Amino acid sequence: AKTVLGKQNGIIFPDRFAPDGAPSALFGQLRGNCEEHVDHWADARWQAPCRISLQVGVTAVSAPRSEGIEIRATHLLTPETETKTHYFWALARDF
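Residues numbered from 1 in each chain as written. Predicted model: local features only at pLDDT ≥ 70, side-chain atom pairs only at ≥ 80, totals over all residues. Heavy atoms only, no water.

Undergrad: What's the story with the overall build of the protein chain in this structure? I'm lost.
TA: The secondary structure content of the protein chain amounts to 1 helix and 6 strands. Along the chain direction, N to C, the helices and strands of the protein chain fall in the order β-β-α-β-β-β-β. A compact globule built from 95 residues would reach a C-alpha radius of gyration of about 12 Å, whereas the protein chain, at 16 Å, exceeds it by more than 25%. Its C-alpha atoms give the protein chain principal-axis dimensions of roughly 50 × 25 × 20 Å. (Helix = DSSP H or I, 4+ residues; strand = E, 2+ residues; numbered from the N terminus. Rg over C-alpha atoms; globule rule 2.2 N^0.38 Å.)

Undergrad: In this structure, what is going on with the pattern of salt bridges? I would like to understand it.
TA: Between side chains of opposite charge, pairing is possible as soon as their charged atoms come close. For the structure on display, the rule yields 4 salt bridges. When the shortest N-O distance is used, the salt bridge between E70 and R72 registers 2.8 Å. Its relative accessible area of 11% is what places E70 among the buried residues. Owing to a relative accessible area of 43%, R72 belongs among the partly exposed residues under this scheme. Linking E80 and K84 is a salt bridge whose minimum nitrogen-to-oxygen distance equals 3.7 Å. Taking relative accessible area as the criterion, K84 reaches 44% and is therefore assigned partly exposed. (Salt bridge = Lys/Arg side-chain N within 4 Å of Asp/Glu carboxyl O. Buried < 20%, exposed > 50% of the residue type's maximum accessible area, 1.4 Å probe, protein only.)

Undergrad: Mind showing me how you'd approach unusual backbone geometry here?
TA: Generally, phi is negative for residues other than glycine and the peptide bonds are trans, each holding for most cases. Looking along the chain, the bond that leaves A48 and enters P49 is cis, with omega of 5 degrees. Note that P49 resides in the loop between β3 (38-47) and β4 (51-60). Notably, N9 is not glycine yet its phi reads approximately 50 degrees, a positive angle. When you line up the elements, N9 lands in the loop between β1 (2-8) and β2 (11-21). Residue classification places N9 among the exposed positions, given a relative accessible area of 74%. The phi torsion at D20 lies on the positive side, around 50 degrees, for a residue other than glycine.

Pasting the structure below:
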């Protein structure tokens, strides 16, 4: 697996790509095949101090991402007081 770490305009983005490997249990079940190898990606965007966005997915080996399945998540932190913070999150999928 290869991870590329970047930073632009205050946003940190670690992007990880793992080609030709066994799918995680979740993606194996979602694809209906836990044995067939996949290309897996996990891309994050961290905009400190309050937002993290994630995109994780799999596709058949060497296929474009547009042919795979992907889950997106957003995590938001909103301070209320010096000792209390509200935490919100949401998930979306494209399948």
